[in-house]
Amino acid sequence: MADGTTTSEQVSARIDTTVPHSARMWDYWLGGKNYYEVDKAAGDQVRSIHPGILDYARADRAFLGRAVTHLAGEAGVRQFLDIGTGLPTSENTHEVAQRIAPDARIVYTDNDPIVLAHARALLTSTPEGVTDYLDADLHDPDAILREAARTLDFTEPVAVMLLGIVMFVEETDRARAIVRRLMDAVPSGSHLVLSHTITAPGLDDVDAAVEYWNSVGTPKLHQRTPEEVARFFDGLELLEPGVVSCSRWRPEPSPSGELPDEVAFYCGVARKP
């Protein structure tokens, strides 16, 4: 761990079991076990408002696997900065990357104490590679970059992973500035991998679910339009198929040849020229 000063007692003291938390609720939707009753109750209520929530939780996770597979394989990326890690589950970034490239180096970052507690136990590495964890907040990108530099070489390409995390930054201008700061710190050949919940005409159930979540849970979630999500990739070279529903970013071929149903979670992968 880059932050080796945080004790288990300090971590436990920071865990609030009375308020639903996004990382624990996401874990519940993905079939994990690291959540509390308050997270399950809120998660069930969100599902009752927007039954498709499980589909886009799973689609976002599957997108992570396909994106990392491409980056570690075809793109030859060997360093990953995964910000907003969430609770460890199957097919984490380091597992996908190091299966293809055993020497891959991965730094995970999150500010949820329960994620920190489980990351210490579950995030391992191949002997050839490195996996590290930072207890840090996306709102302070300079701190993330400073600490990550202990593990990653910022003169070599880095994949900056921002899956389902930028939506917790309230002001859009600030969110864009944070993404720019992170991408300014990495060299040519680096990549941005980003996913984000959306709002659009006809998604009233999604809007209602977000409104409910923001009334009971933490951190607060801020939807953006597909066009606003696309702006996070300004100045970068978008990989095909561009900014699309997570279910439709290079999906596995189906027997029918049809694309999967869209989900209200958009994503993209782009290369820094």
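Residues numbered from 1 in each chain as written. Predicted model: local features only at pLDDT ≥ 70, side-chain atom pairs only at ≥ 80, totals over all residues. Heavy atoms only, no water.

> Mind laying out the overall build of the protein chain, listing which residues take part and the relevant values?
Helix and strand counts for the protein chain stand at 10 helices and 8 strands. On C-alpha atoms alone, the protein chain measures out to a radius of gyration of 18 Å, which is about the 19 Å that the 2.2 N^0.38 rule sets for 273 residues. When the backbone C-alpha atoms are referred to their principal axes, the protein chain occupies close to 50 × 45 × 40 Å. For the protein chain, the residues scored as buried account for 52% of the 273 residues in total. Considering only intrachain contacts with a sequence separation of at least 6, the fraction spanning at least 24 residues in the protein chain is 73%. Put simply, the protein chain shows about 12000 Å² of open surface, and 49% of that area lies on carbon and sulfur atoms. (Helix = DSSP H or I, 4+ residues; strand = E, 2+ residues; numbered from the N terminus. Rg over C-alpha atoms; globule rule 2.2 N^0.38 Å. Buried < 20%, exposed > 50% of the residue type's maximum accessible area, 1.4 Å probe, protein only. Contact = heavy atoms within 4.5 Å. Areas by Shrake-Rupley, 256 points an atom, 1.4 Å probe, with all protein chains shown as cover.)

> Account for the pairing of strand β5 (residues 191-197), with residues named and values stated.
Within β5, 7 of the 7 residues are buried, which leaves the element mostly enclosed by the surrounding structure. What you see with β5 is no split at all: His191, Val193, Ser195 and Thr197 on one side and Leu192, Leu194 and His196 on the other are buried throughout. In terms of strand pairing, strand β4 (residues 159-163) meets β5 through 5 bridges, oriented parallel. Paired with Leu163 across the bridge in β5 is Ser195. Crossover handedness for the path β4 to helix α8 (residues 172-184) to β5: right-handed. (Pairing = 2+ DSSP bridges. Right-handed = clockwise from strand over helix to strand, strands pointing away.)

> Mind laying out the pattern of salt bridges, listing which residues take part and the relevant values?
Evaluation of the coordinates by the stated rule reveals 9 salt bridges. Arg78 is the salt-bridge partner of Asp103, the closest N and O atoms lying 3.6 Å from each other. With a gap of 25 residues between them, Asp103 in the loop between α5 (93-100) and β2 (105-110) and Arg78 in the loop between α4 (53-72) and β1 (79-83) connect regions that are remote in the sequence. The exposure class of Asp103 is partly exposed, given its relative accessible area of 42%. In this structure, Glu91 engages Arg99 in a salt bridge whose closest nitrogen and oxygen atoms are separated by 2.7 Å. (Salt bridge = Lys/Arg side-chain N within 4 Å of Asp/Glu carboxyl O.)

> So what's going on with the nonpolar core? Residues and values would help.
Note that soluble globular proteins tend to have their nonpolar side chains buried in a common cluster. In this structure, Phe80 and Leu162 are the most contacted members of the largest nonpolar core, which totals 86 residues. Among the elements that line this core, the one with the most residues is α4, at 11 residues. The contact partners of Phe80, leaving out residues within four places of it in the chain, are Val68, Leu71, Ala72, Thr93, Ala97, Arg105, Ile106, Val107, Leu152, Ala159 and Met161. (Core = buried A, V, L, I, M, F, W, Y, C linked by side-chain atoms within 4.5 Å.)

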